[in-house]
Amino acid sequence: MQWGELVKLYLAGIFTSNFHKTGPLYARITDRERAARDGVRYYLESYFYIRKQKMVDRIRAEGVRVFLDSGAFTAFTKGATIDLHEYCEFIKRNQDIIVVDDGELCVSVLDGIGDPLLTWQNQQAMERLGIRPLPCFHYGEDERYLEWYIENYSYITIGGMVPVTTPQLIHWLDRIWDRYLTKPDGTPKVKVHGFGLTSLTLMERYPWYSVDSSAWVQAASHGLVRSPRFGLITVSESSPAAKQANRHVDTLPPYQRDAIIRHFEEEGFDYQRLQTEYIARWAYNCWSFTKLNEELNKRKPVFKKEQMELF
């Protein structure tokens, strides 16, 4: 398989959200919702959240493997720190629960938040300790780091994108994909993982090898589901949008409302449960993001910039 022919959409935080098969939330969902949850193929978890043994045991009991993010940004926002040696020892002890992709151990380097030199130094330190993580280049960093990673690794990651607006990201990503990440024919030079992508536009625009998103759970917590056919839809009966015209399924024109509810029913989901149960929305979004992954794999894996830069 050539790089870019298949994109893997990792759902972030399934186990962190306690949506594992041995937990009480899983026991509360219907058979159809269980099938949707069980259909998840790609999982990503943060070391910051799963470093306790009970979390590792849950993943191991389910018999799946996870793409392991270091959780450095989460730790930074909480005023905590992650010990590099402990991170490496965790990886060594638990390699059986970590994704190995074409010989590459899918663990991220321990980021130096806001410090590309520290990130690079951590990359070298982890390798001296026997772990070869996927290097990470962040939004706005000196592009010489990106050039070095491309020259020395076959699978890299792009991070620091979560707080940046989609228009800003398009401008920046267009630049680095055009200048560094693609060959003249628009196909990727290396495998590239995009951390924390919630925008479908960004997922579709570039020939990622893999991406991850927590939008499945974030949308549900705000009373929404992402339909493969209709996009983001507000369904929760407790949402403020339930009283606003055209902002909720129940306030749409009847023919639109009926079409959406019919869509839910045709796929085996109960609209009332989607209105009232956040875990039903979780399950629906697990299914819809799996369908999204299938759609992403129908596109041609190339990048062609629409407008050339002046300088």
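Before any of the text, the structure's been laid out above.
Every value quoted in this text rests on a predicted model; they were computed, and no experiment measured them. (Residues numbered from 1 in each chain as written. Predicted model: local features only at pLDDT ≥ 70, side-chain atom pairs only at ≥ 80, totals over all residues. Heavy atoms only, no water.)

## Observations regarding the overall build of the protein chain
1) Next: Counting secondary structure elements, the protein chain contains 14 helices and eleven strands.
2) Next: For 311 residues, the compact-globule formula gives about 19 Å, and the C-alpha radius of gyration of the protein chain, at 20 Å, lands near that figure.
3) Next: Overall, the protein chain is about 60 × 50 × 40 Å in size when its C-alpha atoms are taken along their principal axes.
4) Next: Here the protein chain, with 311 residues, has 53% of them falling under the buried criterion.
5) Next: Look at the contacts in the protein chain between residues 6 or more apart in sequence, and 64% of them connect residues 24 or more apart.
6) Next: Each charge class in the protein chain was averaged separately, 39 positive and 40 negative side chains, and the resulting centres sit 2 Å apart. (Helix = DSSP H or I, 4+ residues; strand = E, 2+ residues; numbered from the N terminus. Rg over C-alpha atoms; globule rule 2.2 N^0.38 Å. Buried < 20%, exposed > 50% of the residue type's maximum accessible area, 1.4 Å probe, protein only. Contact = heavy atoms within 4.5 Å. Lys, Arg positive; Asp, Glu negative; His and termini not counted. Charge placed at Lys NZ, Arg CZ, Asp CG, Glu CD.)

## Some thoughts on helix H14 (residues 278–296)
An α-helix turns once per 3.6 residues; consequently, residues spaced three or four apart project the same way.
1) Next: Compared with the 27 Å implied by 1.5 Å per residue over 19 residues, the 26 Å span of H14 between its first and last C-alpha is a close match.
2) Next: Extensive coverage of H14 is indicated by the burial of 14 of its 19 residues. (Expected span 1.5 Å × (residues − 1).)

## Structural notes on the environment of Ser236
1) Next: Looking at where Ser236 falls in the secondary structure, it is placed in the loop between strand S11 (231–234) and helix H12 (254–266).
2) Next: The exposure class of Ser236 is buried, given its relative accessible area of 4%.
3) Next: For the pair formed by Ser236 and Gly223, sequence separation is 13 residues and the distance between their alpha carbons is 4.5 Å.

## Some remarks on the pairing of strand S10 (residues 224–227)
1) Next: Burial along S10 is two-sided: the face carrying Leu224 and Arg226 and the face carrying Val225 and Ser227 are both buried.
2) Next: Examined bridge by bridge, S10 and S11 share four bridges and lie antiparallel to one another. Directly across from Arg226, in S11, lies its bridge partner Leu232. (Pairing = 2+ DSSP bridges.)

## Considering the nonpolar core
Side chains of nonpolar character tend, in soluble globular proteins, to be buried together.
1) Next: Residues Leu173, Leu181 and Trp208 are the most contacted members of the largest nonpolar core, which totals 101 residues.
2) Next: Take this core: its biggest share by element is ten residues, from H14.
3) Next: Residues in contact with Leu181, not counting those within four places in the same chain, are Leu146, Ile150, Ile156, Ile176, Thr187, Pro188, Lys189, Val190 and Val192. (Core = buried A, V, L, I, M, F, W, Y, C linked by side-chain atoms within 4.5 Å.)

## Some words on the packing of helix H7 (residues 116–128) against helix H8 (residues 143–152)
1) Next: Interaxial distance between H7 and H8 falls to 10 Å at its minimum, and their mutual angle equals 20°. Between H7 and H8, the angle is such that the two are roughly parallel. Crossing handedness for the pair H7 and H8: left-handed. For the pair formed by H7 and H8, the contact residues are Pro116, Leu117, Thr119, Trp120 and Gln124 on the first element and Tyr145, Trp148 and Tyr149 on the second.
2) Next: Looking at the contact of H7 with H8 residue by residue, the classes come out as six nonpolar, two polar and no charged. (Axes fitted to C-alpha atoms, helices over the stretch in contact; angles between N-to-C directions. Parallel < 35°, antiparallel > 145°, perpendicular 65-115°, else oblique. Left-handed = near helix turned anticlockwise from the far one by under 90°. Nonpolar A, V, L, I, M, F, W, Y, C, P; charged D, E, K, R; others polar.)

## Looking at H8
1) Next: Here H8 has its buried residues at Glu143, Leu146, Tyr149 and Ile150. Around the axis of H8, the buried residues are gathered within 110° of arc, so they sit on the same side. Away from the buried face of H8 by more than 90 degrees, exposed residues Arg144 and Glu151 are located. (Arc of directions from axis to C-beta.)

## Observations regarding the side chain of Asp212
1) Next: By the secondary structure assignment, Asp212 is in strand S9 (residues 210–213).
2) Next: Buried charge Asp212 goes without a salt bridge, the closest partner of opposite sign being Arg226 at 14 Å.
3) Next: Polar side-chain contacts of Asp212 include one of 3.2 Å to the backbone nitrogen of Gly196.
4) Next: When sequence neighbours within four positions are dropped, the list of residues in contact with Asp212 reads Tyr10, Ala12, Leu44, His193, Gly194, Phe195, Gly196 and Leu197. (Salt bridge = Lys/Arg side-chain N within 4 Å of Asp/Glu carboxyl O. Polar contact = N/O pair within 3.5 Å; in protein donor to acceptor, adjacent residues only side chain to side chain.)

## Let's talk about the pattern of salt bridges
1) Next: Under the criterion given, the structure shown has 19 salt bridges.
2) Next: Close ionic contact of Lys21 with Asp38 constitutes a salt bridge, the shortest N to O distance being 3.7 Å. Within this pair, whereas Lys21 is found in the loop between strand S1 (8–12) and helix H1 (24–27), its partner Asp38 is found in helix H2 (residues 31–38), the two being separated by 17 residues in sequence.
3) Next: Using a relative accessible area of 37% as the deciding quantity, one classes Lys21 as partly exposed.
4) Next: The exposure class assigned to Asp38 is partly exposed, which follows from its relative accessible area of 34%.
5) Next: A salt bridge links Arg60 to Asp96; the nearest nitrogen and oxygen atoms lie 2.7 Å apart. With Arg60 in helix H4 (residues 53–62) and Asp96 in the loop between helix H6 (84–93) and strand S4 (100–101), the pair connects residues that are 36 residues apart, well separated along the chain.
6) Next: Take Arg60: its relative accessible area is 32%, and that puts it in the partly exposed class.
7) Next: Classification of Asp96 as partly exposed rests on a relative accessible area of 38%.
8) Next: Here the salt bridges do not stand alone but share partners, grouping Lys8, Asp101, Asp102 and Lys191 into one network.

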